2 protein chains.
Amino acid sequence: MTASVAVDGVLGGLLPPDDRGLLYGDGLFETIRCVHGVAPLWARHCERLRQGCQRLALPVPDLDQVQRQLITLCEELPDAVARVTWTRGSGPRGYAPPADVRGRLIVSVAARAADPAPATDGVAVRMCDTRLSSQPRLAGLKHLNRLEQVLARAEWNSPEWGEGLMCDDEGHVVCATAANLFIVRDGALFTPPVDRCGVAGVARAEVLATQPVALRRLTLHDVASADEVFLTSSVRGILPVRQCAGRTWRPGPVTRSLQAQWRAIGLP
Amino acid sequence: MTASVAVDGVLGGLLPPDDRGLLYGDGLFETIRCVHGVAPLWARHCERLRQGCQRLALPVPDLDQVQRQLITLCEELPDAVARVTWTRGSGPRGYAPPADVRGRLIVSVAARAADPAPATDGVAVRMCDTRLSSQPRLAGLKHLNRLEQVLARAEWNSPEWGEGLMCDDEGHVVCATAANLFIVRDGALFTPPVDRCGVAGVARAEVLATQPVALRRLTLHDVASADEVFLTSSVRGILPVRQCAGRTWRPGPVTRSLQAQWRAIGLP
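Treat the numbers as computed from the prediction; the structure is a model and nothing was measured.

*Asks:* Quick rundown of the overall build of chain A? Include the residues and the values.
*Replies:* The helix and strand inventory of chain A stands at 8 helices and 14 strands. Taking 18 Å as the expected radius of gyration for a compact globule of 268 residues, we find that chain A reaches 19 Å, a close match to that expectation. Referenced to the eigenvectors of the C-alpha coordinate spread, the extents of chain A come out at roughly 55 × 40 × 35 Å. The proportion of buried residues among the 268 residues of chain A is 56%. The long-range fraction of contacts in chain A, counting pairs at least 24 apart against all pairs at least 6 apart in sequence, stands at 70%. Only carbon and sulfur atoms are counted for the fraction: they give 52% of the accessible area of chain A, which is about 10900 Å². Taking the 30 positively charged and 28 negatively charged side chains of chain A as two groups, their mean positions are separated by 2 Å.

Printed below as a string of structure tokens:
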């Protein structure tokens, strides 16, 4: 795997151990697919990063500069996954955010291993025991506090499972460990709101912007009785679910149509 | 402020940007007071770190080596605050913990600024709007996902307030942003359990081990109607609360007695 990284613009840079991203998870990130140096969903990543900065009272990074770094690191890769991490930077000991914040930018890039099988055949999805706690002040954000996802993802290591669904503390199904969830019933699209927990995925935002979708809390029964189920991820795209909650599906027409739309914006 | 740091034993070391502590907050920390190179509560810090490693399925660091690094960094400081951070180390992209984990150890030390006033006169404590979300799988641990504490601590910047109390999602008072809470009523000690949220502080453990204390969920009314209220912190010690929830107190006999015990174990 080719991988390269820049810390505050310095290629191969390292991080000071007083960075608040490490100390407290005090920051945000974006995981961005880049095809031949182009990130088709770049504007949506910028939008989420801006909103995240506002909600965490972080300064907004220079997004043109971020984009230039991304392009420089990605341009020789036909298909890459970039991660942009933006932290509250260094500061004195203690939770209190420093008065004078100078954020720290980390951009890393790795070649994406092509694996068309999940998109073609769909993935088998399990249910995670680890639940998402309810925290409206952080819900929707792609922040650096991701231990719940780490614990949930650690519940399995068989490649048999392509993802795991996570429930909130009331038992509603919210999302997968690293993807959002959609179901189709009678031709209508539904996805859970992410106002109490979960991440407002960029691929989810793309679907919401181009299709009529109802935001609705979903039970496991809603998932199991759906006509189609799919996951969305900025890296993995539109992933049909072929098995979940004792049910199996073949990729359906709504999922296939969204996959075609995904390819049309430049994400093969 | 004198400060020094070692990353995996290398003095002045820096951190690779693929450390999972930064990527996901995937790790633990301890904040340890060291007086003339001695950490009186070292055994309790080790115990919590061990438990945290077990619950997060992290390897346990070589605690003798950690102690040697601490002593080396602290020995010339009469009063120091050390932070030991232990992460799941570097790994490939994705939440799945690597199969072969090699943890990363960061030990940093800074001189402690002496301020006897809070211990003598007590601190004024406010109520934070940011609530603690309920997550039994992480409750009690001093892990690296601390955005709730950052948001709560960012609610004030006046030195008038020495701490802020945080409630759980049911409105029970659980702890301060960086300290645990005790109340005294009719000579009996009470502290909230930390089984759903909050950190099981090392200073709290010291009090629990040496006094009869009832674990009980506390309302704000319980706090306001208590005979004495105090906070515990491994760095700040036993801190009397002199003002909270519209009430004022003078440091009481139970608080004073615990402060004397604190000094007796070598924490001035």
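*Asks:* Hey, could you go over the environment of A:Ser133 for me, with residue numbers and the actual values?
*Replies:* Considering the arrangement of structural elements, one finds A:Ser133 in the loop between β6 (123–127) and α5 (147–153). Since its relative accessible area comes to 10%, A:Ser133 is described here as buried. For the pair A:Ser133 and A:Thr177, spaced 44 residues apart in the sequence, the C-alpha separation amounts to 13 Å. Residues contacting A:Ser133, with those up to four places away along its chain left out, are A:Glu148, A:Asp169, A:Arg196, A:Cys197, B:Ser133, B:Ser134 and B:Gln135. A distance of 2.8 Å separates the side chain of A:Ser133 from the side chain of A:Glu148, its partner in a polar contact. A polar atom in the side chain of A:Ser133 sits 3.1 Å from the side chain of B:Ser133.

*Asks:* Describe in detail the pattern of salt bridges, supporting the description with residues and values.
*Replies:* Enumeration according to the criterion identifies 28 salt bridges over all chains in this entry. The residue B:Asp195 makes a salt bridge to B:Arg217 at a minimum N-O spacing of 3.1 Å. On the criterion of sequence distance, the pair formed by B:Asp195 in the loop between β10 (188–191) and α6 (202–210) and B:Arg217 in the loop between β11 (213–215) and α7 (220–224) is long-range, its members being 22 residues apart. Here the salt bridges share partners, and the residues they tie into one network are A:Asp8, A:Asp19 and A:Arg104.

*Asks:* Please set out the pairing of strand β9 (residues 179–185) of chain B residue by residue, giving values where relevant.
*Replies:* Residue and element names in this part refer to chain B. Most of β9 sits inside the fold, with 6 of its 7 residues counted as buried. As paired elements, strand β8 (residues 173–176) and β9 share 2 bridges and run antiparallel to each other. The partner of alanine 176 across the bridge, within β9, is alanine 179. Count of turn residues in the β8/β9 antiparallel hairpin: 2 residues. Relative to strand β12 (residues 228–233), β9 is paired through 5 bridges, and the arrangement is antiparallel. Residue valine 184 lies in a different strand from β12, and its bridge partner there is glutamate 228.

*Asks:* Let's hear about the interface of chain B and chain A: which residues, and what values?
*Replies:* Tallying the contact residues gives 52 residues for chain B and 52 residues for chain A. Between chain B and chain A, a total of about 4100 Å² is buried, with carbon and sulfur atoms accounting for 68% of that surface. In terms of surface lost to chain A, no three residues of chain B exceed B:Leu22, B:Tyr95 and B:Leu147, which account for 19% of the buried area on that side. Viewed at the interface, chain A and chain B are joined by 2 salt bridges. As a salt-bridge pair, A:Glu155 and B:Arg137 come within 3.9 Å of each other at their nearest N and O atoms. Elements represented by at least two residues in the side of chain B that touches chain A include exactly β1 (3–7), α1 (20–24), β3 (27–35), α2 (42–56), β4 (79–87) and α5 (147–153) of chain B. The leading source of residues in the side of chain B that touches chain A is α5(B), at 6 residues. Here the side of chain B that touches chain A is built from residues that sort into 24 nonpolar, 13 polar and 15 charged.

Reading guide: rules and limits
Residues numbered from 1 in each chain as written. Chains lettered and ligands numbered in written order. Predicted model: local features only at pLDDT ≥ 70, side-chain atom pairs only at ≥ 80, totals over all residues. Heavy atoms only, no water. Helix = DSSP H or I, 4+ residues; strand = E, 2+ residues; numbered from the N terminus. Rg over C-alpha atoms; globule rule 2.2 N^0.38 Å. Buried < 20%, exposed > 50% of the residue type's maximum accessible area, 1.4 Å probe, protein only. Contact = heavy atoms within 4.5 Å. Areas by Shrake-Rupley, 256 points an atom, 1.4 Å probe, with all protein chains shown as cover. Lys, Arg positive; Asp, Glu negative; His and termini not counted. Charge placed at Lys NZ, Arg CZ, Asp CG, Glu CD. Polar contact = N/O pair within 3.5 Å; in protein donor to acceptor, adjacent residues only side chain to side chain. Salt bridge = Lys/Arg side-chain N within 4 Å of Asp/Glu carboxyl O. Pairing = 2+ DSSP bridges. Buried area = accessible area lost by both parts, 1.4 Å probe. Nonpolar A, V, L, I, M, F, W, Y, C, P; charged D, E, K, R; others polar.

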